[in-house]
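Observations on the three-dimensional arrangement
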Amino acid sequence: MKERANVVIIGGGVTGCGTAYNLAKRGTENVIIVEKNFLCSGATGRCGGGIRQQFTTEANIKLAMESVRLFEGLSEELDTDIEYEQGGYLIITYEEEVEQFKKNVKLQNTLGLKSRFITPEQAREIVPLLNIEPIAGATFCPTDGHANPFRVTHAYAKKAREMGVNIEKFTEVTGIETQDGQITAVKTNKGTIKTNVVVNAAGPHSRDIAAMVGVDLPLKPYRHEILVTEPIEHVLDPMIISFKTGIYFSQQKCGAIIGGIGDPEEPPSYNVEGSLKFMKRMAKTMIELVPAFGHLNVLRQWAGLYDVTPDAQPILGWTEGVDGFCQANGYSGHGFMIAPKVTELISELIVDGKTSMPIDDLNVKRFEGEIVGEAYVVG
Ligand SMILES: Cc1cc2nc3c(=O)[nH]c(=O)nc-3n(C[C@H](O)[C@H](O)[C@H](O)COP(=O)(O)OP(=O)(O)OC[C@H]3O[C@@H](n4cnc5c(N)ncnc54)[C@H](O)[C@@H]3O)c2cc1C
């Protein structure tokens, strides 16, 4: 392992690999990713791959819209088919949600997003198998979609390697050294790397990393469970999602349905075991919306962690009091979809000292003031 780096990135998920790629693309030499396990072993390799722009805060909408612009060219840019498909996101709307969702669409439209509120019958035109009886409508954005998180992350890593980035797998960060408030080194179980810049892209473990230099990140890990079914013929274009029930599911290119459901009773923890409770709730809720899916066979289920902040928006940028410590975490369940823009912004911040989109409002300092949160979260 190299003894010195210009930038050490902690974490080999989509954030770490995307940041390394963008740093190398901007000409930064001697970048090292330190990953305690294998690439995609954290949340990235457990995620649903959904990419939506329909959010309720300006910051999330803009990050997602810019990311979609980048996703559209990513297969070509990275020379890998990332299995990107834009089948839209259909946000199921129940009676009590109608007024608020119409307002949310208005905000999205003012920012240039072509989302719209549609009737139950229009929703059924998009998804012929949809049971529209319990629903009052839906919001729909045709440019939302999904991609393969493994392909995206490995493609970033491959390109980064080609440009000289070192990836140290199975290497755990055990400490960070500072002198007079400046980062000087990263300690790992395989040796020490001298550096003045560290990117904290450790997903749900970012809080533990920050604690190494006495910074208290307001991050909590929450288990989220998900499943995949046997592949079937193509029947579903958009991702279907409901914030009332917490369910989401989409059909992948291979024909499999991938989906999960949040559990409002889930306590914060690092537990990633699968449960029967999830399987029952998932099956029941999915079948209510698409009764024909009652015939599907589940291949497997698994769980991963969301890194959740108090306002469900990411923590990005430098950390006051610890020079050279950059945060890129706190994605609250939507870090894959905004990774292309976030990782570009982090690289701009490190290389140019400024970003092409303002990210000050996403700095960790914001939690000292009043918090206005994102409402479209799978809880
Ligand atoms: C079930 C589920 C479904 C999801 N669905 C979606 C979705 O549809 N769309 C979407 O956009 N997002 C989704 N997400 C969220 C998304 O997966 C994450 O926001 C995103 O993958 C975060 O990527 P990351 O690289 O920041 O973190 P991670 O992928 O968690 O990577 C962090 C890495 O840091 C490593 N690490 C931790 N501690 C150390 C240490 N001390 N030393 C070295 N390495 C360390 C870990 O091993 C890990 O590989 C989902 C998440 C889950 C769990």
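Residues numbered from 1 in each chain as written. Predicted model: local features only at pLDDT ≥ 70, side-chain atom pairs only at ≥ 80, totals over all residues. Heavy atoms only, no water.

**Remarks on the pattern of salt bridges**
Applying the stated rule across the entire model yields 20 salt bridges. One salt bridge connects Lys62 with Glu58, and the closest N-O pair in it is separated by 3.1 Å. Of this pair, Lys62 and Glu58 both sit in helix α2 (residues 58-78), separated by 4 residues, roughly a single helical turn. You can call Glu58 partly exposed: its relative accessible area is 41%. One salt bridge in this structure joins Glu66 and Arg69, with 2.8 Å as the shortest N-O distance. In this pair, Glu66 and Arg69 are both assigned in helix α2, 3 residues apart and thus about one turn of the helix distant. (Salt bridge = Lys/Arg side-chain N within 4 Å of Asp/Glu carboxyl O. Helix = DSSP H or I, 4+ residues; strand = E, 2+ residues; numbered from the N terminus. Buried < 20%, exposed > 50% of the residue type's maximum accessible area, 1.4 Å probe, protein only.)

**Some words on the sheet that holds strand β17 (residues 298-308)**
As summarised here, the arrangement of the 8 strands in space is β5-β6-β4-β14-β15-β16-β13-β17, forming an open sheet in which the pairing is mixed. For this open sheet the edge positions go to β5 (116-118) and β17, each flanked by a neighbour on one side alone. Strand-to-strand twist of the sheet, defined as the mean angle between neighbouring strand axes without regard to direction, takes the value 20 degrees. In this sheet, strand β16 (residues 257-261) lies alongside strand β13 (residues 220-229) in antiparallel orientation, the contact comprising 4 bridges. Considered in β16, the bridge of Val228 is made with Ile258. (Pairing = 2+ DSSP bridges. Axes fitted to C-alpha atoms, helices over the stretch in contact; angles between N-to-C directions.)

**A closer look at the packing of α2 against helix α8 (residues 339-352)**
Two elements in contact, α2 and α8, have axes separated by 7 Å at closest approach and are oriented at 100 degrees. Here α8 runs roughly perpendicular to α2, going by the angle between their axes. Contacts between α2 and α8 involve Leu63, Glu66, Ser67, Leu70, Phe71 and Leu74 from the first element and Ala339, Pro340, Lys341, Val342, Glu344 and Leu345 from the second. Looking at the contact of α2 with α8 residue by residue, the classes come out as 8 nonpolar, 1 polar and 3 charged. (Parallel < 35°, antiparallel > 145°, perpendicular 65-115°, else oblique. Contact = heavy atoms within 4.5 Å. Nonpolar A, V, L, I, M, F, W, Y, C, P; charged D, E, K, R; others polar.)

**Quick look at the pairing of β16**
For β16, the tally of buried residues reaches 5 of 5 residues, placing the bulk of the element in the interior. Burial of the side chains of β16 extends over both faces: Ile257, Gly259 and Ile261 are buried on one face and Ile258 and Gly260 on the other. Between the end of strand β15 (residues 247-251) and the start of β16, which pair antiparallel, lie 5 residues, with Gly255 showing a positive phi angle near 105 degrees.

**Topic: α8**
In this model, α8 (14 residues) spans 19 Å end to end at C-alpha, consistent with the 20 Å of a helix rising 1.5 Å per residue. The set of residues buried in α8 consists of Ala339, Pro340, Lys341, Val342, Thr343, Glu344, Leu345, Ile346, Ser347, Glu348, Leu349 and Ile350. Looking one or two residues past α8, Gly353 carries a phi angle of roughly 75 degrees, positive in sign. (Expected span 1.5 Å × (residues − 1).)

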